[in-house]
Amino acid sequence: MTDPPKDLAEEAIGGRSAQSTFPVAAPCREAGLSITEAGQRLAQEGPNDVPDRKAHPLRSFAGKFWNLSAWMIELIALVSLILHKWADLWIALLLLLVNAMLSFLQEQRAATAVAALRSRLQVSARALRDGAWQAIPARELVRGDVIRLRSGDFVPADARVIDGTVQVDQSALTGESQEVAGTGGDVLNSGAIVREGEATAVVVATGPRTYFGRTTQLVASAHPKLHVEEVIARVVKWLFTIVGILVGVTVVAATAQGLPFSEILLLSLVLLISAVPVALPVMFTVSMAVGSMELGRRGVLVTRLSAAEDAANMDVVCADKTGTLTMNRLSFAGARPQPGFSDADVLRCGALASNEADQDSIDVAFLRAARDSQVLEGAGRILSFTPFSPKTRRTEAAVEDGDRQIRVTKGALRTVAELAGLDAAAVAILENWGSAEAQKGFRILAVARAEGEGRWQLVGSALLHDALRPDSRHLIEELHSLGVRVKMLTGDAIPVARGVARELGLGDVIRAPELRVEGDASDIRVRDLVEASSGFAEVFPEDKFLVVKSLQSAHHIVGMTGDGVNDAPALRQAEVGIAVSSATDVAKRAASVVLTTEGLEGIVDLVRNGRAIYQRVLTWIINKIGSTILKAGFVVIAFLLTGQFVISALGMVLLLFMTDFVKIALSTDRVRPAQKPETWNIGPLVMLAVILGLAMLAEALGLLAIGWRQFDLGHHPGQLQTFTFQTLLFFSVFAIVSIRERRAFWASWPGSILASALAADALAGILIGLYGLAGLRPLAFTQTIWIIGFSLVCCLGVNEVIKRLSFAYLGVEPAVT
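Predicted model, so just to flag it, every value in this text is computed and none were measured.

A.B. asks: Any details on the sheet that holds strand β12 (residues 331-337)? Residues and values, ideally.
C.D. replies: Here six strands make up an open sheet; going across it, the order is β12-β17-β16-β15-β14-β13 and the pairing antiparallel. The outermost strands of the open sheet, each flanked by one partner alone, are β12 and β13 (381-386). Strand-to-strand, the axes of this sheet are offset by a mean angle of 25°, without reference to chain direction. Two strands pair when backbone bridges link them, and strand β16 (residues 442-451) and strand β17 (residues 457-465) are joined in this way by eight bridges, in the antiparallel orientation. By the bridge assignment for β17, phenylalanine 442 is matched with histidine 465.

A.B. asks: Tell me about the sheet that holds strand β18 (residues 485-489), residues and numbers included.
C.D. replies: Reading across the sheet, the eight strands line up as β10-β23-β22-β21-β11-β18-β20-β19 and stay open at both edges, with mixed pairing between neighbours. Each having just a single partner strand, β10 (300-302) and β19 (509-511) make up the two edges of the open sheet. Pairwise comparison of adjacent strand axes, ignoring direction, gives a mean angle of 20° for this sheet. Of the pairings in the sheet, the one linking strand β22 (residues 576-579) to strand β23 (residues 593-595) comprises two bridges and is parallel in character. Residue pairing for β23: isoleucine 578 is matched across the bridge by valine 593. Each of β10, β11 (316-320), β21 (558-562), β22 and β23 is contacted by helix α23 (residues 601-642), which is oriented at about 140° to β23, the strand it contacts most.

A.B. asks: I'd like a rundown of the packing of helix α25 (residues 683-710) against helix α26 (residues 717-739), residues and numbers included.
C.D. replies: Relative to each other, α25 and α26 sit at 145°, their axes nearing to 11 Å. In the crossing of α25 with α26, the sense of the turn from one axis to the other is right-handed. Of α26, the residues touching α25 (which contributes Leu692, Met696, Glu699, Ala700, Leu703, Leu704, Gly707 and Trp708) are Leu720, Phe723, Thr724, Thr727, Phe731, Ala735 and Ile739. Residues of the contact of α25 with α26, tallied by class, amount to eleven nonpolar, three polar and one charged.

So, how was this worked out
- Residues numbered from 1 in each chain as written.
- Predicted model: local features only at pLDDT ≥ 70, side-chain atom pairs only at ≥ 80, totals over all residues.
- Heavy atoms only, no water.
- Pairing = 2+ DSSP bridges.
- Helix = DSSP H or I, 4+ residues; strand = E, 2+ residues; numbered from the N terminus.
- Axes fitted to C-alpha atoms, helices over the stretch in contact; angles between N-to-C directions.
- Contact = heavy atoms within 4.5 Å.
- Left-handed = near helix turned anticlockwise from the far one by under 90°.
- Nonpolar A, V, L, I, M, F, W, Y, C, P; charged D, E, K, R; others polar.

As far as function goes, none of this settles anything; it's purely spatial.
If you want it as structure tokens, here you go:
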């Protein structure tokens, strides 16, 4: 913590602003700023954020000319210039420009999607405006705002504590790992994390005027390495090896024939570049951006790129009962007062032991019911408040009641009953009653009071009810149909948990403490218990971590929902950490997915979307392997058989550009998510791609042999190159139509964008055949029809049969709806 300049701290609390020209009223601790005053300050001083430093668009665009594929085209342009091949030069430069523009525009689109995500997922703050506590975006805070901080919050602006005590973690700001205490008069820095305690504070500096000048964000800019990238890296390395061997053979043979070195060099480089995933970065970027935007429209915000991939593989999700399976709107349903007390006494004491500023669901339920019943009239001033803690399992408040002071507390039934001095028999009777009520779906809390520092006296028990969401059971069944098991986690007692599980159609529920008794996550007995159970009751945050680790040790891909600061370790540990809509800032930062709506529907959408992205990426991988084998193998084998290069370096670059970049449209293709979790053990599918690539290679060479004899291509090098260009182009186009669908190709139509891209590719190929381009000489239209018909029959006829037989032989099940 650091102190801002004294005059700034004083002027934030009252008087004339050092950064404005209008007088401001001192914020009252009971009322805060008025909405009008806050609006004036916001207009004068600007929002509470620090603008990101963005690279200039021209610099980003210039970067598109500095990568492997750009270097290849630039080298061809340079050699064309030296050899005075002006047509080749202009075509190469045009390809270079179009390549850069496509990449730049798609990256800008993705950046826009991330910006939209950040605008929806911002730190919020509890601010006192016009005498009422309300949640507002942290960027709307102004100096003088009275805010409430509690465990799990990010400090949204530099703020001076005026009431309460907190422990804050400033390691992200200062590098110091030791927590610092903040109490009356201390200034908390923007970006620090409240680890423990609660406090009321007044904002003294915002935005770039804060001590560290750093905006707290929930969406990290890091891009973790995806498993799919590792898979593709291995595939590309293997392809490079194969293509490298083919190129080596070609170079030796061409040199022996005395062909020009420049021609050999260029075509060799182009063959090598055919193994490079030129369009992969753009395809990934667009695929993830499209997926994220679609999920965003459904109330699911992806904060880590790996989440969509992991969601495709997820086979277990551990769901918090409150807010995910239930409505997360507790209501006061009744009371069981002790002798000498009334229902109103239970409600009054419970409400006094609540804090509205925290917006806790239990506190809100008591306060709402107390106001409706008017039992708080004449209530004294709250002197101090101790929030709920997993360690104490209760809240406590000191209240000024006339000329005396009383203490009130509410919390877990056994905890408060033992605090009030009830013996074991009385506690057992109370718990038996509580168990019976819990079977009906009620949550039971005990309420007690004490005079001054005297002994606690049990006032009674309160019944709270949180109704199940009407769609929870249906969505659990839908997740089960997708091969994802649901395990319920709740801090409620075992009777409540079993009652809820019975309503949801889940199986057996056990007490989480039983896991800790058995051992750690690697213990086989713990794994067996976790595996066999459908839910866990009396869960502490550390139990969630234990459940996740245990499931992972059994080779499950785990999703985990959470909302509190102590859930962060479990959310980070899970492959798919899911912060629910009411989660603390720390939980949202730790998670890879944040739900903006309550319930399981967002998780179902996440699973389907992740599997759709998986299907699109897998289609790209299969196409890349098959097309590389086709193109590189065709050029090399044709050279060895004919003694001449059947396509020029420029023609090959044009072909690679047209076929690779049309595959970007796969990122928006219409796909059918699988009904079971996916896996990156794609060996059988890689083998399928090799089989199809070899089949297309043999078929394309057969077509070349026909053209060689029928159209005398050996004596017309320009037409030979065009014939080769169209052959490789149309085989690639029709292969995409077949491979995109694991079932018969006619089982689903390509998405509109992919269909348009394929049609544009085909039309461009026909026009090049009719009119020629640089070294590609015009062909007779009948030859083009021959090529189209032959490749169509091979890819959508012969190879379709090979695909289905290969699926059966390799044991790959086609995706089903």
